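Chain by chain, the residues:
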Amino acid sequence: MTQEHPVIVERQGALGKLTLNLPKALNALNLEMIDLIADQLDAWEQDDTLACIWIEGAGEKALCAGGDVVALHRESGSYGEQGAGQFVQDFFTREYRLDYRIHTYPKPIVVWGSGVVMGGGIGIMSGASHRIVTETTRMAMPEITIGLFPDVGGSWFLNRMPGRTGLFLGLTGAQFNGTDAIYCGMADRLLPCESKDALLNGLAALEFSGDIDQNHVLVSKQVQSLEMASAEQPDSNLRTHYDAIQELTDGATLPEVYADIAAYSGDDKWLQRASATMQAGCPLTAWIVWEQLRRGRHMSLAEVLRMELALAVNMCRSGQVKEGVRALLIDKDRQPQWQPATLAEVTREDIERCFAAPWEQSPLADL
């Protein structure tokens, strides 16, 4: 494999290594990368000489900052147009299928979640058997800023966070660190950045067997042996702000919760930023977040991904994503002209239209 490949595939004994290799784009996932990872996972599952898989991002800045939203901008519809190319459906179908594959993969998968881990990066990481964060980890589901929604299973994992922290993170796109990720169930171990080579070499040297369960135990012990001392771990914003988050999200309806977060007037910078991001974000997304968590509360992961696939295609068709990406990444004016423009202008019909499956049978029906 040459360095031009968007995914570098390597072997170190019984350890298979996948490196997302678009560092200038913070390793944002494109369709080629999704397909390459999926094909390699299929091949390695059948390979009895391969016992453990390692996934990381090239460079020091990110595992993966999300999906290739510029490509989605190109293929999404504009307001009033109700158009989205086949590419949009294919992209989300194959991305979510890969996410599900990682969640259900029999062999241990270790994901090194250092640096930026957002959106599609969380999709790659959240289902791994061993999810590692470091002191540089910055995670978020910031889709409200581009008119999408917390996808890649967000309806599933945000619902499983302590209290209403998942709702808060979905509405505000707030960033959280490695300690936060452990606290809210999005990571398993916090290791110092400098321990990566030691961990890789340690995993490669393990005496794996044909017993997959035992191999999981071996990997767990190897990871645990390098864990960062609690005194050195970053302070947890989510734990520190838990009571404030509960208070701000205590309303019985979305308009009440939204108003309370928007009205935050304290001097805490993290909460100020969260409030500002929500208010600048897509009003329809705020409603989708509220509704996806309500509907997804008792769904299986497969049911969640099928619901989110319909949502993703419909949000791209509606013009929200095209406008959001335009304002943030294309023209970079940061002045999105959302339609509907305010929370109050979003109708029940607007919301239901987003959840209505645009096909007779879901492309993910076989999950």
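Shown above is the structure to which this text applies.
Residues numbered from 1 in each chain as written. Predicted model: local features only at pLDDT ≥ 70, side-chain atom pairs only at ≥ 80, totals over all residues. Heavy atoms only, no water.

Participant: Could you clarify how one ought to interpret the overall build of the chain in this entry?
Facilitator: Secondary structure summary: the chain contains 17 helices and 10 strands in total. For 367 residues, the compact-globule estimate of 2.2 N^0.38 gives 21 Å, and the C-alpha radius of gyration of the chain, at 20 Å, lies within 12% of that figure. Along the first, second and third principal axes, the C-alpha atoms of the chain reach 60 × 45 × 40 Å. If you average the places of the 30 positive and of the 49 negative side-chain charges in the chain, the two averages end up 1 Å apart. (Helix = DSSP H or I, 4+ residues; strand = E, 2+ residues; numbered from the N terminus. Rg over C-alpha atoms; globule rule 2.2 N^0.38 Å. Lys, Arg positive; Asp, Glu negative; His and termini not counted. Charge placed at Lys NZ, Arg CZ, Asp CG, Glu CD.)

Participant: Would you mind showing me how to read the sheet that holds strand β8 (residues 138–140) here?
Facilitator: Neighbouring strands of a sheet are bound in pairs by backbone hydrogen bonds; such pairs are parallel or else antiparallel. Spatially, 4 strands are ordered β4-β6-β8-β9 in an open sheet, and the strand pairing comes out mixed. Each of the sheet's edge strands pairs with one partner strand only, and the pair in question is β4 (62–64) and β9 (176–177). Relative to strand β6 (residues 116–118), β4 runs parallel, the two sharing 2 bridges. Looking at β6, one finds that A62 is bridged to V116. (Pairing = 2+ DSSP bridges.)

Participant: Is there a simple way to think about helix α14 (residues 283–296) in this case?
Facilitator: Because each turn of an α-helix spans 3.6 residues, side chains separated by three or four positions end up pointing in the same direction. The first and last C-alpha atoms of α14 sit 20 Å apart over 14 residues, in line with the 20 Å expected at 1.5 Å per residue. α14 sits mainly inside the fold: 12 of its 14 residues count as buried. Buried positions along α14 lie against α5 (154–157), α6 (165–172), α12 (254–262), α15 (301–317), α16 (320–330) and α17 (348–355). (Expected span 1.5 Å × (residues − 1). Buried < 20%, exposed > 50% of the residue type's maximum accessible area, 1.4 Å probe, protein only. Contact = heavy atoms within 4.5 Å.)

Participant: In this structure, what is going on with the packing of aromatic side chains? I would like to understand it.
Facilitator: For any pair of aromatic rings, the description rests on two quantities: the centre-to-centre distance and the angle between the ring planes. The full count for this structure, using the stated rule, is 5 aromatic pairs. Taking 5.8 Å as the distance between ring centres and 20° as the angle between the ring planes, the aromatic pair formed by W54 and W112 counts as stacked. Here W54, found in strand β3 (residues 52–57), pairs with W112, found in strand β5 (residues 109–113); they are 58 residues apart in sequence, far enough to count as distant. In this pair, the class of W54 matches that of W112, namely buried. (Phe/Tyr/Trp six-rings, centres within 6.5 Å; stacked < 30°, edge-to-face > 60°.)

Participant: Could you clarify how one ought to interpret the sheet that holds strand β10 (residues 189–190) in this entry?
Facilitator: Strand order in the open sheet formed by 6 strands is β1-β2-β3-β5-β7-β10, with mixed pairing between adjacent strands. At either margin of the open sheet sits one strand with a lone partner, and together these are β1 (7–12) and β10. The strands touched by helix α8 (residues 196–205) are β1, β2 (15–20), β3, β5 and β7 (130–133); relative to β3, the strand with the most contacts, the crossing angle is about 160°. Strands in contact with helix α9 (residues 212–224) are β3, β5, β7 and β10; relative to β7, the strand with the most contacts, it is inclined by about 15°. (Axes fitted to C-alpha atoms, helices over the stretch in contact; angles between N-to-C directions.)

Participant: Just checking my understanding: could you explain the side chain of N27 for this structure?
Facilitator: One can find N27 in the loop between β2 and α1 (31–45). At 3.5 Å, the side chain of N27 and the backbone oxygen of L63 are in polar contact. Beyond its immediate chain neighbours, meaning those up to four positions away, N27 contacts L20, N21, L22, M33, G57, A58, A62, L63 and C64. (Polar contact = N/O pair within 3.5 Å; in protein donor to acceptor, adjacent residues only side chain to side chain.)

Participant: For this particular structure, what's the right way to read the side chain of Q320?
Facilitator: Its location among the elements puts Q320 in helix α16. Judged by relative accessible area, Q320 falls into the buried class, the value being 2%. Engagement of the side chain of Q320 in a polar contact is seen with the backbone oxygen of Q339, the distance being 2.5 Å.

Participant: How should the packing of α6 against α12 be read in this particular structure?
Facilitator: Their axes nearest at 12 Å, the elements α6 and α12 cross at an angle of 70°. One finds that α6 runs roughly perpendicular with respect to α12. On the side of α6, the interface is formed by F168, L171 and T172, while α12 contributes L254, V257 and I261. By residue class, the composition of the contact of α6 with α12 is 5 nonpolar, 1 polar and no charged. (Parallel < 35°, antiparallel > 145°, perpendicular 65-115°, else oblique. Nonpolar A, V, L, I, M, F, W, Y, C, P; charged D, E, K, R; others polar.)

Participant: What am I meant to see in the packing of α12 against α14 here?
Facilitator: Between two packed helices, what matters for the description is the angle formed by their axes and the separation of those axes. One way to put it is that α12 packs onto α14 with a least axis distance of 11 Å and a crossing angle of 120°. Taken together, α12 and α14 sit at an angle that is classed as oblique. For the element pair α12 and α14, the recorded crossing hand is right-handed. Every residue of α14 that contacts α12 at L254, P255, V257 and Y258 is listed here: A286, W287 and W290. Among the residues forming the contact of α12 with α14, the class breakdown is 7 nonpolar, no polar and no charged. (Left-handed = near helix turned anticlockwise from the far one by under 90°.)

Participant: Which parts of the structure should I look at to understand the pattern of salt bridges?
Facilitator: A pair can form between side chains of opposite charge whenever their charged atoms are brought close. Counted by the stated rule, this structure contains 19 salt bridges. Of the charged contacts, one joins R94 and D35 as a salt bridge, the two residues approaching to 2.5 Å between their closest N and O atoms. One end of the pair, R94, is in helix α3 (residues 86–104); the other, D35, is in helix α1, with 59 residues separating them in the sequence. Among the ionic pairs, R295 bridges to E291, the shortest N-O distance being 2.9 Å. Placement of the pair is R295 and E291 together in helix α14, with a separation of 4 residues, close to one helical turn. (Salt bridge = Lys/Arg side-chain N within 4 Å of Asp/Glu carboxyl O.)

Participant: Would you take a moment to explain the pairing of β1 for this structure?
Facilitator: A regular strand carries its side chains on alternate faces of the sheet. As paired strands, β1 and β2 are joined by 6 bridges and run antiparallel to one another. Its bridge partner lying in β2, V7 is registered against L20. Hairpin connection, β1 to β2: the antiparallel pair is bridged by 2 residues, and G13 has positive phi, about 65°.

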